[in-house]
Amino acid sequence: MPVGGLSPLFSPAGSGLGGGLGGGLGGGRKGSGPAAFRLTEKFVLLLVFSAFITLCFGAIFFLPDSSKLLSGVLFHSSPALQPPADRKPGPGARAEDAADGRARRGEEGAPGDPAAALEDNLARIRENHERALREAKETLQKLPEEIQRDILMEKEKVAQDQLSNRVGFKMLPPVDLAPLVGAIDGEPADAAIREKREKIKEMMKHAWNNYKRYAWGKNELKPVSKGGHSSSLFGNIQGATIVDALDTLFIMKMKDEFEEAKAWVDENLNFNMNAEVSVFEVNIRFVGGLISAYYLSGEEIFRKKAVELGVKLLPAFHTPSGIPWALLNIKSGIGRNWPWASGGSSILAEFGTLHLEFIHLSYLSGNPIFADKVMNIRTVLNNLEKPQGLYPNYLNPNSGQWAQYHVSVGGLGDSFYEYLLKAWLMSDKTDLQAKKMYFDAIKAIETHLIRKSRNGLTYIAEWKGGLLEHKMGHLTCFAGGMFALGADDAPEGLTQHYLQLGAEIARTCHESYNRTFVKLGPEAFRFDGGVEAIATRQNEKYYILRPEVVETYMYMWRLTHDPKYRKWAWEAVEALEKHCRVKGGYSGLRDVYFHKESYDDVQQSFFLAETLKYLYLIFSDDDLLPLEHWIFNTEAHLLPVLSRNIKKVEVNEK
Ligand code: DMJ
């Protein structure tokens, strides 16, 4: 490979250089008489000549302190010659040899001995020469693309270091925090609704207080065994529940709790560790949670931590295509993909769910690097050929090509589509590329994946190389809200159609809840083998406090005000209270069809970030977090729409 790689570099340039010099020299000799050299002699002469030139230049340029050498060698002026032990050797094995030599001489001869100094300097010339040759050889063995990538990585490292320093030295740009529209209140006039809203706040208190009591500072709570729960998704980063809960605490006006969470972030949230994390999870929960808390409260500490973490995530993008790795060691900057992912691929729902947070990181740091990264992902995806207009879930970051043709609006694909729509909305409807990609994608999804069951339930199946698996995940249920949220801007007069589609998905997902014993839905439900909206496999019957169904109810409520969505949301509240609430918090269930609760003993952080927040909003007035002003990231964290009139941020260099 290196040989093949070198030939395009060398052939045209090599022949050009050889021809030019040879012709020039030869021509000169010819004119001087019959003693003209033969071609081989010319070549040998040329080689000797260039070796000599290289040696001379090497002596001048590669010697760390050539002035000392010159003064020592040419003028025998001892003051310039320091005792050998004072000098620093260059890198590499030869440097150690030279240092050894110097040390030995230091023992033998007196400091300032000119002969020793000369020998020392020559050793250094040799050593630097060899290093330069080694590096040149290594570079020449690389493919042109690799060389280009190395240069880019170097440049980026410098940019990242500068950015880290800026964060460290509190040099982030001033941000124009436009007046926050509807960040609190939304108290309903109707007393019965108010009471329901209060009940949800009480649930948040129960979840928070128990986390605080039994798992403070850990990622999540084990509500049955009453201890901390750690997921490998966050490596050693701690405090997922605290960061995920911040904005929910804020909008529920749980001020004391918000303050204690802020103090914990300030004193304990630490990213300087040797930890391998999921780039996606850390982004949606930590970066998203911190940015959201910053916008709501205006507290600088949240912005600082968000940018600091964003910088840590940047090495994940060091792949040939710029499609990031799924997993990253935030200390070493080494990334890799999930071992189970088809052909070492990155996952669509993971690398496609960074856009919103990274656009805000650029805004909040005054540095375009974050936006550049996600815009490159966009470009790669936009340029790729899509089978039937669909986006497969697996993409190889080395080749920049799709791997396995598996398409899903649930796990592995879901939030990529959500982020296309929300990128368009968050840009104040200026990101037309995102809009087009979103509407093209959902058109293809409708054609190839959306089906109706025999009894009229609309569902979204999964597509595997052209064949449908008639299964829908709990995760897929978010799509009802997504279709409805985008409906207003739908092309070809399809607004009503997409609103209707959202309503149908909401109904199907409600059915998946209603057909269980506990009235909370399973992880996945099927439409085959004579069943509709029911889980048939034991390993798909669990419920882990996920939000997607109530998320869709929230959007449908806001966009239609059909009271059935409040009714369905309340059913979910009652079911959570009856089956998931335990003394030590809220727990997921292993089987939603089983008459006796079997707890999974995890209070997921997204229960506080998402499930309880969406429920609270359903029982609030619409002026709490109006949808025209706020975008919910996929973890329900709040990102303000970046108004097209927003002042450009200046980097404060002082
Ligand atoms: C959350 O972390 C996010 O909603 C994500 O998009 C999907 N999975 C969980 C909740 O189910």
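Predicted, not measured: the structure shown is a model, and the values here were computed from it. (Residues numbered from 1 in each chain as written. Predicted model: local features only at pLDDT ≥ 70, side-chain atom pairs only at ≥ 80, totals over all residues. Heavy atoms only, no water.)

The next subject is the side chain of Lys422. Relative to the helices and strands, Lys422 resides in helix α15 (residues 414-426). Here Phe632 takes part through its backbone oxygen, which lies 2.7 Å from a polar atom of the side chain of Lys422. If we skip the residues at most four places from it in the chain, Lys422 touches Leu356, Leu485, Tyr555, Ile631, Phe632 and Asn633. (Helix = DSSP H or I, 4+ residues; strand = E, 2+ residues; numbered from the N terminus. Polar contact = N/O pair within 3.5 Å; in protein donor to acceptor, adjacent residues only side chain to side chain. Contact = heavy atoms within 4.5 Å.)

Among the nonpolar cores identified, the biggest contains 173 residues, and Ile237, Val265, Leu381, Phe483 and Phe632 are the most heavily contacted of them. When residues of this core are assigned to their parent elements, the largest contribution, twelve residues, is made by helix α10 (residues 279-297). With near-sequence residues (within four places) excluded, Phe632 lies in contact with Glu418, Lys422, Met554, Tyr555, Lys613, Tyr614, Leu617, Leu625, Leu627, His637 and Leu638. Counting residues in each nonpolar core, the second largest holds six residues, with Ala326, Leu327, Trp338 and Tyr394 among its members. (Core = buried A, V, L, I, M, F, W, Y, C linked by side-chain atoms within 4.5 Å. Buried < 20%, exposed > 50% of the residue type's maximum accessible area, 1.4 Å probe, protein only.)

One pass over the structure, following the stated rule, counts one disulfide. One disulfide in the model links Cys477 with Cys509; its S-S distance is 2.1 Å. As the torsion about the S-S bond is roughly -95°, the Cys477-Cys509 disulfide counts as left-handed. Here the residue Cys477 occupies a position in the loop between β14 (471-473) and α17 (478-486), and Cys509 occupies one in helix α18 (residues 495-514), the gap between them amounting to 32 residues. Of the two residues, Cys477 and Cys509, neither departs from the other in class, the shared state being buried. (Disulfide = S-S within 2.5 Å.)

What follows concerns the site of the ligand. Near the ligand, the surroundings consist of Ile284, Arg285, Leu475, Arg546, Pro547, Glu548, Phe606, Glu610, Thr634 and Glu635. In the model, an oxygen atom of the ligand is placed 2.8 Å from a nitrogen or oxygen of the Thr634 side chain. Separating an oxygen atom of the ligand from a side-chain N or O atom of Glu635 is a distance of 2.5 Å. Protein coverage of the free-state accessible area of the ligand, which is 290 Å², stands at 92%. For the shell around the ligand, the secondary structure elements donating two or more residues are α10 and α21 (605-618). Partitioning the shell around the ligand into residue classes produces four nonpolar, one polar and five charged. (Near = heavy atom within 4 Å. Areas by Shrake-Rupley, 256 points an atom, 1.4 Å probe, with all protein chains shown as cover. Nonpolar A, V, L, I, M, F, W, Y, C, P; charged D, E, K, R; others polar.)

As a general point, the strands of a sheet are linked pairwise by backbone hydrogen bonds and lie either parallel or antiparallel. What the three strands build is an open sheet, ordered β6-β7-β8; its pairing is antiparallel. Edge positions in the open sheet fall to β6 (346-347) and β8 (401-402), since each of these has one partner strand only. The pairing of strand β7 (residues 394-396) with β8 spans two bridges and is classified as antiparallel. Counted as the bridge partner of Leu395 is Trp402 from β8. (Pairing = 2+ DSSP bridges.)

A few words on the UniProt feature "active site" (unreviewed entry) in the chain. Within the UniProt annotation, "active site" (unreviewed entry) is assigned to Glu281, Asp414, Glu523 and Glu548. Summarising the element assignment, Glu281 is placed in helix α10. You can call Glu281 buried: its relative accessible area is 13%. Each residue touching Glu281, except ones within four places of it in the same chain, is listed here: Leu233, Phe234 and Phe286. Topologically, Asp414 is positioned in helix α15. The residues contacting Asp414, other than those within four sequence positions of it, are Ala349, Ser408, Val409, Leu475 and Phe478. (UniProt positions renumbered as here; feature names shortened; annotations may be inferred.)

Bringing the environment of Arg590 into the picture now. Relative to the elements of secondary structure, Arg590 occurs in the loop between β17 (585-586) and α21. Classification of Arg590 by relative accessible area gives partly exposed; the value is 46%. Sequence separation of Arg590 and Asp600 is ten residues, and the distance between their C-alpha atoms is 5.9 Å. Here the side chain of Arg590 touches Tyr599 through a polar contact of 3.3 Å, landing on its backbone oxygen.

This part covers the packing of aromatic side chains. In the structure shown here, the tally under the stated rule is 26 aromatic pairs. A centroid spacing of 5.6 Å and a plane angle of 70° characterise the contact between Phe234 and Phe286, whose relative ring orientation is edge-to-face. Taken together, the positions of Phe234 in the loop between β2 (227-229) and α8 (240-251) and Phe286 in helix α10 put the pair 52 residues apart, joining distant regions of the chain. In terms of burial, Phe234 and Phe286 fall into one category: buried. (Phe/Tyr/Trp six-rings, centres within 6.5 Å; stacked < 30°, edge-to-face > 60°.)

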